[in-house]
Amino acid sequence: MTPDEQKRAAAAKALDYVTEGMKLGLGTGSTAAHFVDLLGGRVKQGLGVICVPTSKATHKQAEALGIPLTTLDETPSLDLTVDGADELDGALNLTKGGGGALLREKIVAMASDRMIVIADESKVVENLGAFDLPIEVVPFGAGATVIMIEKLAAGLGCKGPVTRRKTASGEDFITDGGHYIYDCAFGVIPDPVALDSGLNKIPGVVENGLFTGIAALAVIAGDDGVREIKPA
Ligand code: 5RP
């Protein structure tokens, strides 16, 4: 199976957890897009669900497929969110935000009774950190915020360049919420839980891409088929 076929296989398996009448959170990224596509097929066949997308891109995709949509204002608690990840470890700590949607993704996941992560085998790691950690930062005072991030991270054994994300045309990448993303090349993150909570105490940090203690199940597809991981 190619990585893309693995992503689709994981998405297809996650669909088994969706039942009639569910309120769903829809993730962002290429793996989540497979899930939305397959869900759209089930909706066409008559499945009744209502969904909250985690980005403008997912909103557009779901709308085009005729998936009924709502907001967290109208529907503040959801049954299940299905989303991808950039990395995940055996405790189901995740790094997310490669697509820049980490804030909405975390809000939607936390508003859900359950989060299922879907991924191809390449995303499973022993320790988070090979993928640069995205942090969403308010533009005001961003330079000072970065210094606070670096200081906190160094105290938790994480050192490395912290770089403002740019678009392909070289402009600042701006999130759906109007913020910057800084990608942090920390290498191995020894204590994701401490880093997650410390980062979110810095005033200019809106949210960070570490999802700790949120995912209940991971559905992972590899060459040998699909397997499930529960938090260790
Ligand atoms: C977007 C995300 C995505 O879930 C993550 O980047 C994985 O993307 P993909 O499924 O394309 O590999 O967190 O903010």
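So, here's what we can say about the structure. (Residues numbered from 1 in each chain as written. Predicted model: local features only at pLDDT ≥ 70, side-chain atom pairs only at ≥ 80, totals over all residues. Heavy atoms only, no water.)

What about empty space enclosed by the protein?
The criterion, for reference: Think of a 1 Å grid over the protein atoms and nothing else: a 1.4 Å probe that fits but is trapped marks a cavity, an open set flanked by protein within 12 Å on at least five of seven lines marks a pocket, and residues with an atom within 4 Å of a point count as lining. Grid points are joined across faces, edges and corners, and a volume is the space filled by probe spheres set on the points. Strands here are runs of E lasting at least two residues and helices are runs of H or I lasting at least four, both read from the DSSP assignment and numbered beginning at the N terminus. Amino acids outside the nonpolar list (Ala, Val, Leu, Ile, Met, Phe, Trp, Tyr, Cys, Pro) and the charged list (Asp, Glu, Lys, Arg) are all regarded as polar, and Gly is one of them. Where each domain begins and ends is defined by an automated method or by a domain database.
This structure, assessed with the given rule, holds one cavity of 30 Å³ or more. The space that makes up the largest cavity amounts to roughly 60 Å³. If you trace the largest cavity, you find it lined by Thr54, Gly100, Ala101, Leu102, Leu103, Arg104, Glu136, Thr175, Asp176 and Gly177. The biggest single contributor to the lining of the largest cavity is helix H4 (residues 102-110), with three residues. Considered class by class, the residues forming the lining of the largest cavity number three nonpolar, four polar and three charged. Taken domain by domain, the makeup of the lining of the largest cavity includes at least three residues from each of domain 1 (3-125 + 213-224) and domain 2 (133-206).

Quick look at the site of the ligand
Definition in use: Consider each residue's heavy atoms; a residue with any of them within 4 Å of a molecule or strand counts as near. Polar contact criterion, stated in full: a pair of N or O atoms within 3.5 Å, where within protein one must be able to donate a hydrogen and the other to accept it, and residues adjacent in sequence count only if both atoms are side-chain atoms. The Shrake-Rupley method, run with a 1.4 Å probe sphere, supplies the accessible areas, and residue values consider only the shown protein chains as cover.
Around the ligand lies a shell of 17 residues, among which Ser30, Thr31, Asp86, Gly97 and Lys123 are the nearest. Within the side chain of Ser30, one N or O atom sits 2.5 Å away from an oxygen atom of the ligand. Between the ligand and Gly84 there is a distance of 3.4 Å, counted from an oxygen atom to a backbone nitrogen or oxygen. Burial of the ligand by the surrounding chains reaches 91%, relative to a free accessible area of 380 Å². Class assignment for the residues of the shell around the ligand results in two nonpolar, nine polar and six charged.

Digging into the environment of Lys23
Test applied: Burial classes: relative accessible area under 20% of the type maximum marks a residue as buried, over 50% as exposed, and values in between as partly exposed (1.4 Å probe, protein chains only). Contact definition: two residues touch when any of their heavy atoms are within 4.5 Å.
Mapped onto the fold, Lys23 is located in strand E1 (residues 23-26). In this structure Lys23 comes out as partly exposed when scored by relative accessible area, which is 27%. Placed 192 residues apart in sequence, Lys23 and Ala215 show a C-alpha to C-alpha distance of 17 Å. Among all residues touching Lys23, those that are not within four sequence positions of it are Ile50, Thr75, Ser77, Leu78, Asp79 and Leu80.

Observations concerning the sheet that holds E1
Just so we agree on the cut-off: Only strands that DSSP links by at least two bridges are regarded as paired with each other. In this analysis, axes come from line fits to C-alpha atoms, helices being fitted only over the stretch in contact, and the angle between any two N-to-C directions falls in the range 0 to 180 degrees.
Read across the open sheet, the six strands follow the order E2-E1-E3-E6-E12-E13; overall the sheet is mixed. In the strand order of this sheet, the two ends are held by strand E2 (50-53) and strand E13 (225-229), each with one partner. The mean inter-strand angle of the sheet, taken between neighbouring strand axes irrespective of direction, is 20°. The sheet contact formed by E1 and E2 spans four bridges and is parallel. Within E2, the residue paired with Lys23 across the bridge is Ile50. Contacting strand E3 (78-83), strand E6 (112-120), strand E12 (217-222) and E13, helix H1 (residues 3-14) crosses the sheet at an angle of about 155° to E6.

A few points about the packing of aromatic side chains
How we decide: Only Phe, Tyr and Trp rings take part, Trp by its six-membered ring, and two of them pair if their centres are within 6.5 Å. Stacked means planes under 30 degrees apart, edge-to-face means over 60, and tilted covers everything else. Working rule: Lys NZ or Arg CZ, within 6 Å of ring centre, within 35 degrees of ring normal, means a charge sits over the ring.
Tallied over the entire structure, the rule returns one aromatic pair. A ring pair is formed by Tyr180 and Tyr182, whose centres lie 6.3 Å apart and whose planes are at 80°; its orientation type is edge-to-face. Judged on exposure class, the residue Tyr180 and its partner Tyr182 are both buried. Over the aromatic face of Phe211 sits the side chain of Lys96, whose NZ or CZ is 5.7 Å from the ring centroid. Stacked on the ring of Phe173, the Lys or Arg Arg165 has its end atom at 5.3 Å from the ring centre.

Let's talk about the packing of helix H5 (residues 142-155) against helix H6 (residues 192-199)
Stated precisely, the cut-off is as follows: Any angle that falls under 35 degrees is termed roughly parallel, while one over 145 is termed roughly antiparallel, one within 65 to 115 roughly perpendicular, and all others oblique. The handedness criterion is simple: a crossing whose near helix is rotated anticlockwise from the far helix by less than a right angle is left-handed, and one whose near helix is rotated clockwise is right-handed.
Close contact between H5 and H6 brings their axes to 10 Å; oriented N to C, the two are set at 155°. Regarding the angle of H5 to H6, the classification is roughly antiparallel. Seen along the crossing, H5 lies across H6 with a hand that is right-handed. Within the contact between the two elements, H5 uses Ile149, Leu152 and Ala153 and H6 uses Leu195, Gly198 and Leu199. Across the contact of H5 with H6, the residue classes tally to five nonpolar, one polar and no charged.

Remarks on the pattern of salt bridges
The criterion, for reference: Salt bridges are defined as contacts in which a side-chain nitrogen from Lys or Arg sits within 4 Å of a carboxyl oxygen from Asp or Glu.
The full count for this structure, using the stated rule, is 11 salt bridges. Measuring nitrogen to oxygen at the nearest pair gives 4.0 Å for the salt bridge that ties Asp120 to Lys123. Among the salt bridges present, the one from Asp172 reaches Arg164, with a minimum N-O distance of 3.1 Å. Asp172 gets classed as partly exposed once you look at its relative accessible area, which sits at 25%. Residues joined by salt bridges that share partners form a network here, namely Asp83, Lys96 and Glu105.

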